[in-house]
Amino acid sequence: MPTSKNMPVALITGGSRGLGKNMALKLAARGTGVILTYRTGADEAADVVKQIEAAGGKAVALPLDVGDTRGFGAFVEAVRAELGRHFGRERLDFLVNNAGMGIHASFAETTEAQFDALMNVHLKGTFFLTQRLLPVLADGGRILNVSSGLARFTFPGYATYATMKAGVEALTRYLAKELGPRRISVNVLAPGATATDFGGGVVRDNAALNKMLAAQIAFGRVGEADDIGDAVAMLLSPEGAWVTGQRIEASGGMML
């Protein structure tokens, strides 16, 4: 395990549970320090920190509502403080925009409030949090935005969610172009159907739905959190430095 000053540091939004938790654990296992955020799950976030520290890593959890840009300034200052206090660093190496929420509603029945909630978390939050963190991100660093397979294929009830993720994918290409002079790579990872507690755990807990989705996947099963955590660790590894502006789908070959 590298010493604090030589340890790369990743900020993972929504890192207290689900895919974000797995990302944090996988990166920490490879010697990366982790700053993870949570909105309401303080105890869950503290447990992730304990798991990382028990394995010899370094981690800290900070509260953040990615759907409320008014808190971003104070959050960035908290990140600066923890970088110095906890890691002996001034800069982040990796930013993983993972935090999200799901709303299932048909296009005809989607309300403006639902639209705004998804936009604020997935698109506006990703845009302006990344903007505010640019001075804290090291030259040569990485940004990884999390999208969804639903931006490529369709299932009824996810029009608004997928629209926001499609926006994130377009934003990723623009960031890759504009941040290229700083040698910051920017990519988007799009998970397919994955068995987590997202959306009330429907993919994980509904056996009939799980079976139906698995039939649409080349590997014959839905994804697990480990599949996505491993993909994140791969993309943020030294060997991934030359990849930028790309959409990588980790879906096991869903709806090919």
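Since we're looking at a predicted model, the values are computed, not measured.

**So, the overall build of the protein chain**
When helices and strands are counted, the protein chain shows eight helices and seven strands. In summary, the protein chain has a C-alpha radius of gyration of 17 Å against a globular reference of 18 Å for 256 residues, a match within 12%. Taking the principal axes of its C-alpha atoms as reference, the protein chain extends roughly 50 × 35 × 35 Å. On the protein chain, roughly 12100 Å² of surface is accessible, and the fraction owed to carbon and sulfur atoms is 55%. For the protein chain, the distance from the average position of its 26 positive side-chain charges to the average position of its 24 negative side-chain charges is 5 Å.

**Some remarks on the UniProt feature "domain: Ketoreductase" (unreviewed entry) in the protein chain**
Look at the UniProt record and you will see "domain: Ketoreductase" (unreviewed entry) annotated at residues 8–192. End-to-end, the C-alpha atoms of residues 8–192 are 28 Å apart, and along that stretch the chain is 45% helix and 21% strand.

**A closer look at the nonpolar core**
Counting 29 residues, the largest nonpolar core has I35, V79, L83 and L92 as its most contacted members. Within the residue set of this core, elements represented by two or more residues are β1 (9–12), β3 (59–63), α3 (72–87), β4 (92–97), α4 (112–133), β5 (137–146) and α5 (159–179). Ranked by residues supplied to this core, first place goes to α3 with six residues. Apart from the residues lying within four places of it in its own chain, the contact partners of I35 are V9, A10, L11, I12, V60, L62, V79, L83, F87 and L92. Ranked by size, the runner-up nonpolar core spans 28 residues in total, among them A10, A28, I52 and A225.

**A word on the pairing of β5**
Of all 10 residues in β5, eight are buried; the element is thus mostly enclosed. As defined by bridge partners, β4 adjoins β5 across five bridges and the pair is classed as parallel. Looking across to β5, one finds that V96 is bridged to L144. You can see the chain leave β4, run along α4 and come back into β5, and the turn it takes is right-handed.

**Let's talk about the sheet that holds strand β2 (residues 33–38)**
The parallel open sheet is built from seven strands, whose spatial order is β3-β2-β1-β4-β5-β6-β7. The open sheet has two free edges, formed respectively by β3 and β7 (247–250), since each of these has just one partner strand. Here the average twist between neighbouring strands, direction ignored, is 20°.

**Here we look at the environment of G149**
Secondary-structure assignment places G149 in the loop between β5 and α5. Discounting residues that sit within four places of it in the chain, G149 has contacts with A190, P191, R247 and E249.

About the cut-offs
- Residues numbered from 1 in each chain as written.
- Predicted model: local features only at pLDDT ≥ 70, side-chain atom pairs only at ≥ 80, totals over all residues.
- Heavy atoms only, no water.
- Helix = DSSP H or I, 4+ residues; strand = E, 2+ residues; numbered from the N terminus.
- Rg over C-alpha atoms; globule rule 2.2 N^0.38 Å.
- Areas by Shrake-Rupley, 256 points an atom, 1.4 Å probe, with all protein chains shown as cover.
- Lys, Arg positive; Asp, Glu negative; His and termini not counted.
- Charge placed at Lys NZ, Arg CZ, Asp CG, Glu CD.
- UniProt positions renumbered as here; feature names shortened; annotations may be inferred.
- Core = buried A, V, L, I, M, F, W, Y, C linked by side-chain atoms within 4.5 Å.
- Buried < 20%, exposed > 50% of the residue type's maximum accessible area, 1.4 Å probe, protein only.
- Contact = heavy atoms within 4.5 Å.
- Pairing = 2+ DSSP bridges.
- Right-handed = clockwise from strand over helix to strand, strands pointing away.
- Axes fitted to C-alpha atoms, helices over the stretch in contact; angles between N-to-C directions.

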